[in-house]
Amino acid sequence: MPTQYKLGALPATRPAALKDLDVYATGKLPTPPAKVAVPKAKYPINCNDVEGDCTIAAIPHLKEAWHAKYNLQYTPPTEPEIKTEYRTLSGGEDTGLVEADVLKTWQTNGLFGSKLIAYAPVQPKNILGIHQAVAFYDSAYLGIECPASAQEQFANGEPWTYTGSPVEGGHCIVALGYTANGLLCATWGGIAEVTYSFCAHYLTEVWCLISGILVAQKKDSLGIDIASLQADLSKV
């Protein structure tokens, strides 16, 4: 495994109180476009070369993308601030984190100066649902079982494909765009093209995030019953 990349997503959990994203839709979610481009921004490694903080490193990636998409100014946290946040949530040790726990903390207590309005799961096999999350709600927060091949392919600037390579641990990446070939995901200081065959074998969890920026931009046109979703989140 290349030493410049680390993992850190613990096994996926899903709170029983939460339903799939489309259940909270106020009507049938529309067909997403054939492709979505990644917002032009910097997506630095955020300590994920020395810490297994991928679940936390992903949050500034999301904020970078959201601010860039809507032409809003953004000052990202520093690497020491990212490490401190990660180590605080992980109990001071480099143990990794559960994505659902990170999202709950972000929604209730806030992370890096903001709170999530809401979040909802999408079935990992539901590529249409993932496309809808990215196209209509700006991103998807993903968990994968990361094989050695993904790290090798990323280092070589190649798409992540299924090769049968052994899994080395859990990893968090964020889908910010997609094409006919795969999801375009921020990770390890860059953008990886994660093919759908790779997703079919290694994708373990998908979360659609509702940010304050998104709510401010779309107001009543979100197509999601936020009140019902937040009521369920209060039971988590």
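Read on for an overview of the structure. All figures in this text were calculated on a predicted structure; none of them were measured in a lab. (Residues numbered from 1 in each chain as written. Predicted model: local features only at pLDDT ≥ 70, side-chain atom pairs only at ≥ 80, totals over all residues. Heavy atoms only, no water.)

## Some words on helix α3 (residues 99-108)
Where burial is concerned, most of α3 is hidden: eight out of the ten residues are buried. Those residues of α3 not exposed but buried are Glu 99, Ala 100, Val 102, Leu 103, Lys 104, Thr 105, Trp 106 and Gln 107. Just downstream of α3, Gly 110 is the residue with a positive phi angle, here 90°. (Buried < 20%, exposed > 50% of the residue type's maximum accessible area, 1.4 Å probe, protein only. Helix = DSSP H or I, 4+ residues; strand = E, 2+ residues; numbered from the N terminus.)

## Points about the side chain of His 171
Relative to the elements of secondary structure, His 171 occurs in strand β3 (residues 167-178). Look at His 171 and you get buried, because its relative accessible area is 0%. A polar contact is formed between the side chain of His 171 and the side chain of Thr 187, at a distance of 2.8 Å. Excluding its chain neighbours within four sequence positions, the residues that come into contact with His 171 are Lys 6, Leu 7, Ala 9, Asn 48, Cys 54, Glu 99, Leu 142, Gly 143, Ile 144, Cys 146, Thr 187 and Trp 188. (Polar contact = N/O pair within 3.5 Å; in protein donor to acceptor, adjacent residues only side chain to side chain. Contact = heavy atoms within 4.5 Å.)

## Here we look at unusual backbone geometry
For Phe 112, which is not glycine, the phi torsion reads 55° and is therefore positive. Mapped onto the secondary structure, Phe 112 falls in the loop between α3 and β1 (118-122).

## Focus on the nonpolar core
Counting 76 residues, the largest nonpolar core has Trp 106, Tyr 137, Tyr 141, Leu 142, Trp 160 and Leu 209 as the members making the most contacts within it. Here this core gets seven residues from one element, more than from any other, and that element is helix α1 (residues 54-69). Leave out the neighbours within four places in its chain, and Leu 142 touches Glu 99, His 171, Cys 172, Ile 173, Ala 175, Leu 183, Cys 185, Leu 203, Glu 205 and Val 206. (Core = buried A, V, L, I, M, F, W, Y, C linked by side-chain atoms within 4.5 Å.)

## Here's the deal with helix α8 (residues 226-233)
Listed as buried for α8 are Ile 226, Leu 229, Asp 232 and Leu 233. Down the axis of α8, the smallest arc covering the buried residues is 130°, so these residues share one side. Packed against the buried residues of α8 are α3, β1 and β6 (203-210). (Arc of directions from axis to C-beta.)

## Considerations on the packing of α1 against α3
As a packed pair, α1 and α3 sit with axes 10 Å apart at the nearest point and diverge in direction by 55°. Judged on the interaxial angle alone, α3 and α1 are oblique. Seen from above, α1 lies across α3 with right-handed handedness. Touching Thr 55, Ile 56, Ile 59, Leu 62, Lys 63 and Trp 66 of α1 are Glu 99, Val 102 and Trp 106, all from α3. Of the residues assigned to the contact of α1 with α3, the class counts are six nonpolar, one polar and two charged. (Axes fitted to C-alpha atoms, helices over the stretch in contact; angles between N-to-C directions. Parallel < 35°, antiparallel > 145°, perpendicular 65-115°, else oblique. Left-handed = near helix turned anticlockwise from the far one by under 90°. Nonpolar A, V, L, I, M, F, W, Y, C, P; charged D, E, K, R; others polar.)

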